[in-house]
Amino acid sequence: LSAMLPKLQRYANWGWYSQWNQDSVLHLLLVHPEGLRTPQSSRFFVEFGFRPLESKLGPDSNSQYLERLGWQGVRFDVDHEVPSRGLWQQRITAENV
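Computed from a predicted model, the values in this text were never measured in an experiment. (Residues numbered from 1 in each chain as written. Predicted model: local features only at pLDDT ≥ 70, side-chain atom pairs only at ≥ 80, totals over all residues. Heavy atoms only, no water.)

**Remarks on the environment of Gly86**
Link 1 in the chain: In this structure, Gly86 sits in the loop between strand E2 (72-77) and strand E3 (87-89).
Link 2 in the chain: A residue is classified by how much of its surface remains accessible, and Gly86, at 13% relative accessible area, is buried.
Link 3 in the chain: Expressed as a C-alpha distance, the spacing of Gly86 and Gln72, which sit 14 residues apart in the sequence, is 9.1 Å.
Link 4 in the chain: Not counting residues within four places of it along the chain, the set of residues in contact with Gly86 comprises Val74 and Arg75. (Helix = DSSP H or I, 4+ residues; strand = E, 2+ residues; numbered from the N terminus. Buried < 20%, exposed > 50% of the residue type's maximum accessible area, 1.4 Å probe, protein only. Contact = heavy atoms within 4.5 Å.)

**Comments concerning a nonpolar patch on the surface**
Link 1 in the chain: Residues Phe44, Val46, Phe48, Ile92 and Val97 make up a contiguous nonpolar surface patch of roughly 520 Å² in combined accessible area.
Link 2 in the chain: Relative to the helices and strands, Val97 resides in the segment after E3. (Patch = residues over 30% accessible without salt bridge, like charges linked within 9 Å, V, L, I, M, F, W, Y side chains within 5 Å. Areas by Shrake-Rupley, 256 points an atom, 1.4 Å probe, with all protein chains shown as cover. Salt bridge = Lys/Arg side-chain N within 4 Å of Asp/Glu carboxyl O.)

**Side note on the pattern of salt bridges**
Link 1 in the chain: Scanning all chains against the criterion turns up three salt bridges.
Link 2 in the chain: Salt-bridge contacts for Arg75 lead to Glu47; the nearest nitrogen and oxygen are separated by 3.8 Å. Here Glu47 lies in strand E1 (residues 44-48) and Arg75 lies in strand E2, a separation of 28 residues in the sequence. Judged on exposure class, the residue Arg75 and its partner Glu47 are both buried.
Link 3 in the chain: Residues Glu67 and Arg75 are paired through a salt bridge, measuring 3.5 Å at the closest nitrogen-oxygen approach.
Link 4 in the chain: Residue classification places Glu67 among the partly exposed positions, given a relative accessible area of 24%.
Link 5 in the chain: Arg75 gets classed as buried once you look at its relative accessible area, which sits at 0%.
Link 6 in the chain: Three or more residues are tied together by salt bridges with common partners; here these are Glu47, Glu67, Arg75 and Arg85.

**Here's the deal with the confidence of the model for the chain**
Link 1 in the chain: Predicted confidence across the chain gives a mean pLDDT of 76, with 72% of residues reaching 70 or more.
Link 2 in the chain: Of all the helices and strands in the chain, helix H1 (residues 5-11) carries the lowest mean pLDDT, 70, while E2 carries the highest, 91. (pLDDT = per-residue confidence, 0-100.)

**Re the packing of aromatic side chains**
Link 1 in the chain: Enumeration over the complete set of coordinates arrives at one aromatic pair.
Link 2 in the chain: Aromatic pair Phe48 and Phe76: ring centres 5.9 Å apart, planes at 20 degrees, arrangement stacked. Of this pair, Phe48 sits in strand E1 while Phe76 sits in strand E2, and the two are 28 residues apart along the sequence. (Phe/Tyr/Trp six-rings, centres within 6.5 Å; stacked < 30°, edge-to-face > 60°.)

**A short note on the sheet that holds E1**
Link 1 in the chain: The parallel open sheet is built from three strands, whose spatial order is E1-E2-E3. Two strands lie at the open edges of the sheet, namely E1 and E3, each paired on one side alone. Within the sheet, the average angular offset between the axes of one strand and its neighbour, ignoring direction, is 20 degrees.
Link 2 in the chain: Bridging between E1 and E2 involves five bridges; their strand directions are parallel. Paired with Val46 across the bridge in E2 is Val74. (Pairing = 2+ DSSP bridges. Axes fitted to C-alpha atoms, helices over the stretch in contact; angles between N-to-C directions.)

Printed below as a string of structure tokens:
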């Protein structure tokens, strides 16, 4: 992972769906051929904290990029729920994990 730091510093500077370019970091770590090489069977995400735009996935979603690449997953948010999109209203705490 420490070998990835120069690449992250150089290339992790774009963002299509995330607030602060997290999707470029996810791309370099999980998707890019020189990343960690996530096996197809392990391509599952869990996102905590999500702000849907008009109850649609999109801006400010760290997982939206991965979903567009064929990943599957689940999202949790304290205020929003869209079960058809894998978004569940739930306050996640140390006690309920």
